[in-house]
Amino acid sequence: MKHETMDQRVAGYGFDADKLMARRATIISLLRSLQKSLEQNDQVSDGPKSLAEKKNWAQEAGIKAVVGKTRGPKSKLSHRGVQLAKEIHDKFSHEANDMRMYNKYSSPEEFREPTKPKTMSFKEFRGYMASLGRPAELKDAMDNEESWSMFFDDLGGLVGGRITEEAMVKYRQQIEDEHGLEMDLLKLNMNVIPKDLNKWQKNKECFSRIDYEGVCIENAKLARRLGKKKAEKELVWEESGKCEEDVIQLLVADCGEYYTYEGLMNMLFVMSNFLKVMAELRKRFLKKNEFSNDIQKSKIDPEDKGYVYRDGFLAWMVSGREREKVGQYEEWLIRAKTGVVRWMKEVGQVMGKVRKDVEALVDREILTPRILGGLKMDLSRYDGLFLVGDDNEVDEGMSVRLDFSTVERAATAFAEMKLPRGCGTAICIDLLTRSDVEPAELKLCVRKINSVLKEHFDKDLSKLPLFHSWKVYSHKSDVDNIEVVRLALCFDRTASIDYALRELDMGFSFVDLLTEFQAEIKCSLNITDLFDSKRVSLDKNFHCQGNIGLGFARGLLVKVLDEWILKSEEEKKFADHLKSESDRMQEDYDERTRTTHPVNPEFGRIRIGVDVTSDTKTGQQLETQKLAAEKRRKTMWRLVNFLRGTKGSLVETNFKNIVDFLFGSKLVKSYLPAWLKEEFFVTQGASTLAWREYSKKLKAYMQGMVDEVFKNEEELQREAKEEERKEAAALGGMSELQRRRQQLALDKKALAHKLESLGIKMDPNLLKKEVKTLTPAEMRKDWKKKQFKSRMAFLKMYSSVQQACVGVNTVTLMSGTNKFELGFQGVDLFEVAPEIDMEILDMLTKGAGGGDDDDDDEGEVK
């Protein structure tokens, strides 16, 4: 009889011998790990001493541990299961919820960290059991609080008649076999992924979004350089796995953390040094294992300066890194900055997607001038009136008005607004200046604003879609013909609404769609009365009236929205059809595999139509996304049906006073913060006292920042004088001839750089600069110096704006010939804003002989 080897016998049964051997090695490794774990937990401490007997006894103990016959809990939760059990405890613990609500609505000085473990009472635990639909799970232990306390006292984790997180973890371990944690989480509508893992996924998604935005920017530059047709072959729409350091503040803010740019650069410098060390260690490892096949190459290049890599960033975010301490008010400014930039990016992406969808409908001739032309005259009008208190008392205080209008020629209007050529859409913020402001103060204000925006916003704004330029200048207001300081953000011609509608060629303009729009809110108090008078009682003295008028082409809007929603539903049905086809193909392939390999149906299994999103997200997350998309679709259909069924309406609401408006309705009251009580509105001067208290804290914070900057500047001046003294001492030891030679070399280099800037070729040796390598301590000190310089610039800008301006006058959005204008009256913010003492900084700057770096009256950056 012919002798067969093991590999031949295995191949005869249809198995892959290599895979089986690899699986065998994995099982052996797992068994050894289990044996080591049992030895560490004293499972075999009393067993036989010989090696063979010890192995057999360890295997028996491992089997007993699996079936739950050893001492201890029947099944243990993983470390993620422990986190999720603690999250269930926090969800039903009123102490944890009160702490979260307190910190959410409290001031930064009143922020509290939990000083004792969060606990859950008997009543709260019964609520948890009722939410699961198992109120009688513990039977006798749930009859009364005493028996319940005795049960958890025996289990461990009872403090003062309340159970801690540890007790909940032990309880969940005990019932895991009967009631799985994952199923209970789904019943409670909670995420089955722990917070730490959920945060890691969020960080990864945020990096992918920033990475893809950078790819889109590079593609846009390539398309402008080569043209759309030529660039189609060169465009790359895949993520690069890295992003520029300039967007790191926005990236970290998207992940939920807020730091200054200088602080982030300091932290990234530490991370870069760590990655360089790891790269060197990896080189050593590769050299020692150069003949090994199981070596993965790192995707991070630590020498690639100016870029942050995805793998390094994700590891850095979850590491125990040093975190910069940022004050609460400074954090609010960072939140505002990154929030505005992110909002503008999101708006640009949404508008681009809408335009692309509508363009597809036009190409399919679903939306054509012939179809839409007859719907222009199907108009609707909606009016609303909102009144709190007496309408006869609302003409003396603050007012905010939003109007829509059109101009004849967009180019002429932009020229009158002193905006640059090539601008198609502009957002302008006008700051009303004081009547007695001096021209020098106005120029200084413009220069300071321009300097701060150039430092903090220029890099982010330049990456916005269709960005053109931004500009800060003084100008006469178009409405009141008074002097204002204007901040203008401009986008190119293709961002204009008129340009987009002409390109789509649907036969109507924006003014045909929106025929009229105006909204106004007036109240009886101005901002000075509200925040600077102790006689004001909001319940008696606050009266408010709001009205809105909206006219639009109802038939035109309904038709466009209707076709747009139907298109999205068609895309969804097509995607579901593709998925069902891929599932059917997978089933057919699996059926053939089961027929050819009945012993091993998984043999050679190939997944067809793999979706990366489905692989990286849980079923609960995918289901949540589907439900959210379905909810948005239903909301859009409700809006379309409402517009289709109503030609016009008038809504009037009237409330006796502000207390009746805020606290008379449970719906409105549910949206109010916990600290806002009815007593605040009925007490005289309550708003003034609250503002003074807040203003006092803000002033103390800013004055503390001034003092800190002053101390840093004094230290820098002392260091500069010390450096000058050392240089003078070094020069004193030279002869006259040596000093002349050194000065001649410096003059040669300066002249060579000047001639090079004029286009004259020079000797490269003369242009070579001395590269000074900074130590980590010097680098940290350098970034710290830049941070204090940035804070000084902001404080000087704040002081200058407060001296020259009163408040916001108008905010204007101009897109083509369409103009939205938001006007403010009586909202004099800088009249009540806290003042800070800048004399010490001014004296220090004058004493050092310093001045402003930016001497331009007006600034424009492209």
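As the structure is a computational prediction, the values presented were derived from the model and not from experiment. (Residues numbered from 1 in each chain as written. Predicted model: local features only at pLDDT ≥ 70, side-chain atom pairs only at ≥ 80, totals over all residues. Heavy atoms only, no water.)

## Some remarks on the confidence of the model for the chain
Basically, it comes down to this: A residue's pLDDT is the confidence the predictor assigns to it, expressed on a 0 to 100 scale. Whether two residues are in contact is decided by their heavy atoms, any of which lying within 4.5 Å being enough.
For the chain, per-residue confidence averages 79 on the pLDDT scale, and 80% of positions sit at 70 or higher. For residues 606–615, every residue scores under 50 in pLDDT, and the model assigns this stretch eleven contacts once sequence neighbours within four places are set aside. The low-confidence segment residues 853–858, where pLDDT is below 50, has 13 contacts with residues more than four positions distant or belonging to other chains.

## So, the pattern of salt bridges
Counted only if it meets this: Salt bridge, as applied in this entry: a Lys or Arg side-chain nitrogen positioned within 4 Å of an Asp or Glu carboxyl oxygen. A run of H or I in DSSP counts as a helix once it spans at least four residues, and a run of E counts as a strand once it spans at least two, with each numbered from the N terminus. For each residue, the accessible area found with a 1.4 Å probe, counting protein chains only, is set against the maximum for its type, and the residue is called buried under 20%, exposed over 50%, and partly exposed in between.
By the definition in use, this model includes 42 salt bridges. A salt bridge links Lys353 to Asp357; the nearest nitrogen and oxygen atoms lie 3.2 Å apart. In this pair, Lys353 and Asp357 both sit in helix α15 (residues 328–363), four residues apart, roughly one turn of the helix. Judged by its relative accessible area of 9%, Asp357 falls in the buried class. Its salt-bridge partner being Lys567, residue Asp357 comes within 3.5 Å of it at the nearest N-O pair. Taken together, the residues Asp357 in helix α15 and Lys567 in helix α24 (residues 554–596) connect sequence positions 210 residues apart. Of the two residues examined, Asp357 and Lys567, each falls in the buried class. A network of salt bridges, in which partner residues are shared, links Arg209, Glu213, Asp254, Arg342, Lys345 and Glu346.

## Some thoughts on the nonpolar core
Stated precisely, the cut-off is as follows: Working definition of a nonpolar core: buried Ala, Val, Leu, Ile, Met, Phe, Trp, Tyr and Cys residues. They are joined through side-chain atoms within 4.5 Å.
Of all hydrophobic cores here, the largest spans 30 residues; its most connected members are Ile248, Leu251, Phe313 and Trp316. For this core, the secondary-structure elements that each account for two or more residues are α10 (195–226), α12 (248–254), α13 (261–288), α14 (310–317), α15 and α33 (776–804). Among the elements that make up this core, the one with the highest residue count is α13 (seven residues). Core analysis: the second largest hydrophobic core is formed by 28 residues, Ala85, Phe92, Phe122 and Ala167 among them.

## Thoughts on the pairing of strand β11 (residues 544–553)
Rules: Only strands that DSSP links by at least two bridges are regarded as paired with each other.
Most of β11 is tucked away: seven of the ten residues are buried. In this sheet, β11 lies alongside strand β5 (residues 379–388) in antiparallel orientation, the contact comprising ten bridges. Looking at β11, one finds that Gly384 is bridged to Ile548. Alignment of strand β10 (residues 514–523) against β11, held across nine bridges, turns out to be antiparallel. Bridging from a neighbouring strand, Phe517 pairs with Leu550 of β11.

## What to know about unusual backbone geometry
Even without being a glycine, Glu365 presents a positive backbone phi close to 60°. With respect to the helices, strands and loops of the structure, Glu365 is situated in the loop between α15 and α16 (369–373). The phi angle at Leu466 is positive, at roughly 60°, despite the residue not being glycine. Considering the arrangement of structural elements, one finds Leu466 in the loop between α19 (458–461) and β8 (467–476).

## Notes on a nonpolar patch on the surface
Note the threshold: The patches described consist of residues with a relative accessible area above 30% and no salt bridge, like charges being joined within 9 Å and nonpolar side chains (Val, Leu, Ile, Met, Phe, Trp, Tyr) within 5 Å. Computed with the Shrake-Rupley method and a 1.4 Å probe, the accessible areas treat only the protein chains shown as cover for residues.
Nonpolar side chains collect at one region of the surface, where Phe274, Val277, Met278 and Leu281 lie side by side and expose about 370 Å² of accessible area between them. Its location among the elements puts Phe274 in helix α13.

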